[in-house]
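Here are the chains, one letter per residue:
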Amino acid sequence: AQTVTQSQPEMSVQEAETVTLSCTYDTSENNYYLFWYKQPPSRQMILVIRQEAYKQQNATENRFSVNFQKAAKSFSLKISDSQLGDTAMYFCAFMKHRPGDRDDKIIFGKGTRLHILP
Amino acid sequence: NAGVTQTPKFQVLKTGQSMTLQCAQDMNHEYMSWYRQDPGMGLRLIHYSVGAGITDQGEVPNGYNVSRSTTEDFPLRLLSAAPSQTSVYFCASRGRGSNQPQHFGDGTRLSIL
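Along each chain, residue indices are assigned from 1 in the same order as the chain's sequence is written. Each chain is given a letter, starting from A, and each ligand a number, starting from 1, according to the order in which they appear as written. Per-residue local features of the predicted model are confined to residues with pLDDT of at least 70, and side-chain atom pairs are confined, for both listing and counting, to 80 or more; whole-chain, interface and lining totals are unaffected and use all residues. Water and hydrogen atoms were dropped before computing side-chain values, which therefore reflect all heavy atoms in the structure.

Next up on the list: the overall build of chain B. A tally of helices and strands in chain B yields zero helices and eleven strands. Along chain B, helices and strands appear, N-terminal first, in the series β-β-β-β-β-β-β-β-β-β-β. Each of the three principal axes of chain B carries a C-alpha extent, and together these read 40 × 25 × 25 Å. By residue count, 49% of the 113 residues in chain B fall in the buried class. In chain B, the share of contacts with a sequence separation of at least 24, taken over all contacts with a separation of at least 6, comes to 53%. Here chain B has roughly 5100 Å² of accessible surface; of this, 49% comes from carbon and sulfur atoms. The way it works is that DSSP assigns letters per residue, a run of H or I at least four long becomes a helix, a run of E at least two long becomes a strand, and they are numbered from the N terminus. We call a residue buried when its accessible area falls under 20% of the maximum for its residue type, exposed when it is over 50%, and partly exposed in between, using a 1.4 Å probe and counting protein chains only. The contact rule is simple, with two residues in contact once any of their heavy atoms fall within 4.5 Å. A 1.4 Å probe and the Shrake-Rupley method give the accessible areas. Residues count as covered only by the protein chains that appear here.

Two cysteine sulfurs form what is called a disulfide whenever their separation falls within 2.5 Å. Scanning the model with the defined rule gives two disulfides over all chains in all. What pairs with A:Cys23 in a disulfide is A:Cys92, and their sulfur atoms sit 2.0 Å apart. Across the S-S bond linking A:Cys23 and A:Cys92, the dihedral sits near -70°, which makes this disulfide left-handed. Of this pair, A:Cys23 sits in the loop between strand 3 (19–21) and strand 4 (24–26) while A:Cys92 sits in strand 10 (residues 88–96), and the two are 69 residues apart along the sequence. We classify A:Cys23 as buried; its relative accessible area is 1%. Between the sulfur of B:Cys23 and that of B:Cys91 lies a disulfide, 1.9 Å long from S to S. Between B:Cys23 and B:Cys91 the disulfide shows an S-S torsion of about -75°. By sign, it is left-handed. Of the two residues, B:Cys23 sits in strand 3 (residues 19–25) while B:Cys91 sits in strand 9 (residues 87–94), which places them 68 residues apart along the sequence. By relative accessible area, B:Cys23 is classed as buried at 1%.

All names here are of chain B. Note on pairing: DSSP must find at least two bridges between two strands before they are called paired. Here four strands make up an open sheet; going across it, the order is 1-3-8-7 and the pairing antiparallel. The two strands at the open ends of the sheet, each matched to only one other strand, are strand 1 (4–7) and strand 7 (64–66). Pairs of neighbouring strands in the sheet enclose a mean axial angle of 20°, with direction left out of account. Two elements, strand 1 and strand 3, share four bridges in a ladder whose sense is antiparallel. Bridge pairing in strand 3 links Thr5 to Ala24. Simply put, an axis is a line fit to the C-alpha atoms, just over the touching stretch for a helix, and the angle between two N-to-C directions goes from 0 to 180 degrees.

Pasting the structure below:
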């Protein structure tokens, strides 16, 4: 069974600083997807970034980037030039990928609550 | 452009009452899921469906039933509510193919007294 671990329950950084959120996972699968979701106080679940395991290049989306280390099973999220609107709960998630397999559930970590301080 | 619609947004029940949380999506997605979110526990999968007429259990299915009679709807039923089911519930859907993003509803906050 796959597991996703986020070791930082809560973090605080000053506005404009760079912050890195950690995520590790455990799987025997070779092909899979990894995700970071953001949940602001509004409770919405927003997809921030996605990484395909077969791609060596780290995914980036504007100020958000990941450091994907497949051998170490690590998938950290870096937020550059942090903004007050980045204050949210962040969830790391995993989904295996087997073509033709319909049982591809998304497994979530327990989340990291991030506070951006003015 | 409704996406995933959950109703109600808030509900208070007494122990032993029954309740159905509604979830509908208008994107013709095959996959639909129900999660519960509890403090310090992240999102845990309750039940999921890979298409109309097909459902399966997730990580925490006890106390919940689901059905999928149409592609659009995936209701979650609590037959006899218990205080341990106090939580925020999210419905999600996505299209066929692992590269399809998952869309979430806005959640239902359910309190069982």
